[in-house]
Amino acid sequence: MEKLQKTITELNDKLEKKNKTPEEQDEEFEQFYECIKDIATHPVVLRMKLYPHHGVTNCYQHCLHVSYYNYIWCKALGLDARSAARAGMLHDLFLYDWHTHAKRTGDHFHGMTHPKRALMNAEKFFDLNSIERDIIINHMWPVTLFSVPRTKEGWITTLADKYCGSFETAQRKESDLVKKKRGMDRIVERFSYLVDTKR
């Protein structure tokens, strides 16, 4: 796990060392927004805001975080950043509160079953390519032992999901500064601003 954290930190440091101007950062965020706006503003996807996820983060915010890191990491590595961003926004489209799910349904294996539910929901509303399907169905590896990512973008999503989830879980109340350190609050704020101004 330490090696994984070191790899992620090095990738983030590499991206930050490019010393992008605020204008360049805004342009990159606009490009990210263009990739996912139809998904992120879809009524079914917006329902994810109703379900708590990690710490004080709701499911929608978590998917937005993963989507953004997928985008910038895949773009930096020359991979399909668009597909990674789109699938990142859909990877947890299971539409229930997993904290109470087992008690209500008897399904005690949410961690292993929700990727299939998310893929079924995503396929109802969006045309997915093979990379996007791979990302959604395999993002929980190694919890889902035999559902191993088959694409590089799938592996990036597995990392981004754990990375974002760990920071979100560490922030147990709004006053904690954990997510602010990694800039995750800025992702949600900038995205909300773009959605509001593009209407």
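Residues numbered from 1 in each chain as written. Predicted model: local features only at pLDDT ≥ 70, side-chain atom pairs only at ≥ 80, totals over all residues. Heavy atoms only, no water.

### Description of the packing of aromatic side chains
Going through the model one piece at a time under the given rule, you end up with eight aromatic pairs. Their ring planes at 45° and their centres at 5.4 Å tell us that Phe 29 and Tyr 68 sit as a pair that is tilted. Of this pair, Phe 29 sits in helix α2 (residues 22-40) while Tyr 68 is found in helix α4 (residues 59-76), placing the two residues 39 residues apart along the sequence. The same class applies to Phe 29 as to Tyr 68, namely buried. Ring centres of Phe 32 and Tyr 68 lie 5.2 Å apart, and the angle between their planes is 80°; on these two criteria the pair is classed as edge-to-face. Pair noted here: Phe 32 is in helix α2 and Tyr 68 is in helix α4, with a separation of 36 residues, a long-range link. Across this residue pair, the class does not change: Phe 32 and Tyr 68 are buried. (Phe/Tyr/Trp six-rings, centres within 6.5 Å; stacked < 30°, edge-to-face > 60°. Helix = DSSP H or I, 4+ residues; strand = E, 2+ residues; numbered from the N terminus. Buried < 20%, exposed > 50% of the residue type's maximum accessible area, 1.4 Å probe, protein only.)

### Considering α2
Here α2 is 19 residues long, yet its end C-alpha atoms lie only 24 Å apart, well below the 27 Å a rise of 1.5 Å per residue gives. All of the buried residues along α2 are Glu 28, Phe 29, Phe 32, Tyr 33, Cys 35, Ile 36, Ile 39 and Ala 40. (Expected span 1.5 Å × (residues − 1).)

### So, the pattern of salt bridges
By the definition in use, this model includes six salt bridges. Between Asp 38 and Arg 86 there is a salt bridge, with the nearest N and O atoms lying 2.8 Å from each other. Here Asp 38, found in helix α2, pairs with Arg 86, found in helix α5 (residues 81-90); they are 48 residues apart in sequence, far enough to count as distant. We classify Arg 86 as buried; its relative accessible area is 9%. Connected through shared salt-bridge partners, Asp 38, Arg 86 and Glu 132 make up one network. (Salt bridge = Lys/Arg side-chain N within 4 Å of Asp/Glu carboxyl O.)

### Considering the nonpolar core
Counting residues in hydrophobic clusters, the biggest one holds 42 residues, and the most contacted among them are Phe 32, Ile 36, Val 45, Met 89, Leu 90, Leu 93 and Ile 136. When contributions to this core are tallied by element, the ones reaching two or more residues are α2, α3 (43-46), α4, α5, α7 (110-125), α8 (130-138) and α9 (152-170). A total of 11 residues in this core trace back to one element, the largest contributor, which is α4. Setting aside its immediate chain neighbours within four residues, Val 45 contacts Ile 39, Ala 40, Tyr 60, Met 89, Leu 90, Leu 93 and Phe 126. (Core = buried A, V, L, I, M, F, W, Y, C linked by side-chain atoms within 4.5 Å. Contact = heavy atoms within 4.5 Å.)

### A closer look at α4
The end-to-end C-alpha separation of α4 is 26 Å, in line with the 26 Å expected for 18 residues at 1.5 Å each. When you tally the buried positions in α4, you get 15 out of 18 residues, the bulk of the element. In this structure Asn 58 caps α4, since a side-chain oxygen of it lies 3.0 Å from the backbone nitrogen of Tyr 60. Backbone geometry just after α4 places Gly 78 at a positive phi near 75°. (Polar contact = N/O pair within 3.5 Å; in protein donor to acceptor, adjacent residues only side chain to side chain.)

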